[in-house]
Amino acid sequence: MIEPMKIWTINRPDETIVNTFIEELSIPSIHAKILVSRGFTDVEEAKSFLYMEENCLHDPFLLFDMEKAVERIQQAIETGERITIYGDYDADGVTSVTVLTTALEQLGANVNFAIPNRFEHGYGPNIELFTKLHEEGTSLIITVDNGISGLEAVAYAKSVGMGVIVTDHHEIGDELPVADAIIHPRHPEGSYPFGELAGVGVAFKLAFALLGEVPEELYEIAAIGTVADLVPLKGENRFIVKEGIRRMRTSRRPAIQALVKVSGTEQYALSEESLGFMIGPRLNAPGRLGSADPAVYLLKTEDSLEAMTIAEQLDTLNKERQALVTNIVEEAEQVMSDMYGDMLPYVIVIAGEGWNPGVVGIVASRLTEKYYRPSIVLSIDNDTGIAKGSGRSIAGFDLFKELSKTADLLPHFGGHEMAAGMSLPVENVEVFRDRLNNQGKISLTDEMLTPKLQIDVPLEIGEIDVDVLEAMELLRPFGISFEKPVFLIENLSASSVRKIGAAKNHLKLELSDGIDTLDVIGFGNGDIADEMSPAITLSVTGDLQVNEWNGRKKPQMLLSDIQSKDRQLFDLRGIREPNRWISIIPEKNNVFVAFQKTSIAYFQPVLGNKQIHHFGQDELSGTDNVVILDMPPGTEQMKELIEKTNPKRVYAHFYVNESLYFEGIPSREQFGWYYSFLKKRGSFDLRKQVQELSKHRGWKIDTIYFMTKVFSELGFVKIENGLAYVAEDAEKKSLSEAPSYKERERQIKLEQMLVYAPYIELKKWFDEICKETANREEQVWI
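Residues numbered from 1 in each chain as written. Predicted model: local features only at pLDDT ≥ 70, side-chain atom pairs only at ≥ 80, totals over all residues. Heavy atoms only, no water.

1. Digging into the sheet that holds strand 4 (residues 138–144)
The strand order 3-2-4-5-6 describes an open sheet built from 5 strands, whose pairing is parallel. In this open sheet, the two strands that pair with only one neighbour each are strand 3 (110–114) and strand 6 (181–183). Strand-to-strand twist of the sheet, defined as the mean angle between neighbouring strand axes without regard to direction, takes the value 20°. Note that strand 5 (residues 163–167) and strand 6 share 3 bridges and pair parallel. Each residue of the ladder has a partner; that of Thr167, found in strand 6, is Ile183. (Pairing = 2+ DSSP bridges. Helix = DSSP H or I, 4+ residues; strand = E, 2+ residues; numbered from the N terminus. Axes fitted to C-alpha atoms, helices over the stretch in contact; angles between N-to-C directions.)

Shown next, in the form of structure tokens:
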């Protein structure tokens, strides 16, 4: 058996609706299955989703306060007031600043921008920064991607005579800031049709309203921020991203070309994944380590040389950020080891002095991904006595709700179900850790602490080809609310299993359903090759891609998880020396079994301190791996061994000290000659004359003793004091009636099956044994 790394939940789409979509929409079965698994049941609804047009964008004036905001901004433009766009330091924030400053510049506004420094000012509106802007002559502040919770700073700005327009998309609190206008897609007094816009989406709508038309040249900037901020990719967001990526692939914007180059991406192949994993992190990097301003300068510049220079700086900062994250993750895991040992808590809360607060959220994500526990990582500043941090959660543990229960310890916190930020006095950290862990103990079950894999697109290999995979572009972009599909292919055999890579730590499989084949690549899964026996039946999940090599395109799966319900049999019979196969036996959860006491003496010197269990003498219990050192006496003993140990994997060596298979059973002619010989001699001294007979006939001494024993058991011969002589008036019997003859026949047949049969025959016998054992266990339960 190969246990999956996660609990699989398989949703099988309604085949009737799938077939309807295939016929009515003229799409491949894969596309139809994805749509049905995402909840589409109506053909027209699915068609509208697939073939979105610009008319899906809502009138920006449907946003509450939009008219008021446009009027105030137009007034500022007409009177030459200085307008400052006040942004945030993440990718959504810098793209929001870019979109709105660009639109205002086109309208001739006196506009600049300001972004708080994560370390100096923290998140959102800041009184100190607002004071500076006022002193520099700003009379109108427009916040983008922040501001909805900046009550004090907005009130301050108004008190010194500045106008404030808030544009935001974050959660709205009990009280709204006293601003001239608040543009928010979920404004409590509004009724905007789509409430899931990113910060840059709100800025895009304001630009749309100011310009009187869709700012088409800004789609690509809005797409980056929308993807990076992980908002649902449906409705207006989906169209913004889809259109933005389409334009980006041929964009002449220096920033796009430079970011594509430094990230090693192909511009023509840009996708939502490129934005999320390549471009977004580089725009995020400067704000995580210092000032986010260079990201805006890059997005706005029209000079290719300047764009390349800044892009390279951002690339360097991103590498610094990656190194920083790696170092803190290593330190965090050491802290975890020292604090928790081998016993993972329900909720991980760790703190470190001097950890960069700009990356602790990424570190928390890494810990949650690895250990599948809610994780909070805090950066301690001993100068201020404050610990600042971020948390990430798992399904079933509402992080914001649980933090609210510890509000007496947290002067500041915010977030949502799956992610949050917080700050607290250092002296509260230990109590905070204990209370949160106790809350986790109450609400988290063992099942909730096991990673889940939601599988929604079961396939046959025959449904997959290069044209179909390339046509997946119709379904993109994938993301929140329209997640990238997890494909499942079941009941496959492996025609090829290889470890690849310099360190042999990756896995390459060629899988077959008996008709078609598919290559599967598992990065970091090389060890699974050691768990796979021949003729195993597998099910695999993952992402389907087109692999292109030397101009040849071929479908392949990037492995997410793998499982087999087969009890596996590994064939060690042809490797006589144990030191040649001992290394492939898993080090943990294994049991070595011998049926013969002589086998224990033979193997113990090689196995060292590993215990060899003597079957029938030593107690046996459940384990993952059973190594059978010698040949079992029979089928019943094998059944008993499987029943007692219930292993996932069996390693069969089946050592035989003295094989009878090739020696066989003496022929009837040999028995006849020997009987005549004894009859003529009258008596035969086995102790003195057997060696001479052995040389004369060319028989083994053991063969002579065996025939003598058979004759004795049948009453044909009597043996007294080592002398064998023919019995008078012996009853006529068949040789096969003798117990020793029967035993030799049985032993040879057993050797033929267990030691010398081809693997496929041995596996068939083994599977039958396992099936009978399972049936017997089932009957016991009944």
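2. Focus: the side chain of Thr102
Tracing the sequence through the fold places Thr102 in helix 5 (residues 91–106). When neighbours within four sequence positions are excluded, Thr102 is seen to be in contact with Leu218 and Lys300. (Contact = heavy atoms within 4.5 Å.)

3. Examining the pattern of salt bridges
Enumeration according to the criterion identifies 39 salt bridges in this entry. Notably, a salt bridge pairs Arg72 with Glu81, separated by 3.1 Å at the nearest N-O pair. Assigned by exposure class, Arg72 and Glu81 land together as buried. Across the pair Glu272 and Arg476 runs a salt bridge whose closest N-O atoms are separated by 2.6 Å. Here Arg476 lies in the loop between helix 18 (466–470) and strand 14 (487–500) and Glu272 lies in helix 12 (residues 272–289), a separation of 204 residues in the sequence. Using a relative accessible area of 6% as the deciding quantity, one classes Glu272 as buried. Salt bridges here are not isolated pairs; linked through shared partners, they connect Glu216, Glu243, Arg246 and Arg247. (Salt bridge = Lys/Arg side-chain N within 4 Å of Asp/Glu carboxyl O. Buried < 20%, exposed > 50% of the residue type's maximum accessible area, 1.4 Å probe, protein only.)

4. Things to note about helix 11 (residues 254–262)
Most of helix 11 sits out of view: 7 of its 9 residues are buried. Listing the buried residues of helix 11 in full gives Pro254, Ala255, Ile256, Ala258, Leu259, Val260 and Val262. Packing partners of the buried residues in helix 11 comprise helix 9 (219–228), helix 10 (235–248), helix 12, helix 13 (293–300) and helix 14 (304–340). Note on helix 11: the residue one or two positions beyond its end, Gly264, has a positive phi of about 70°.

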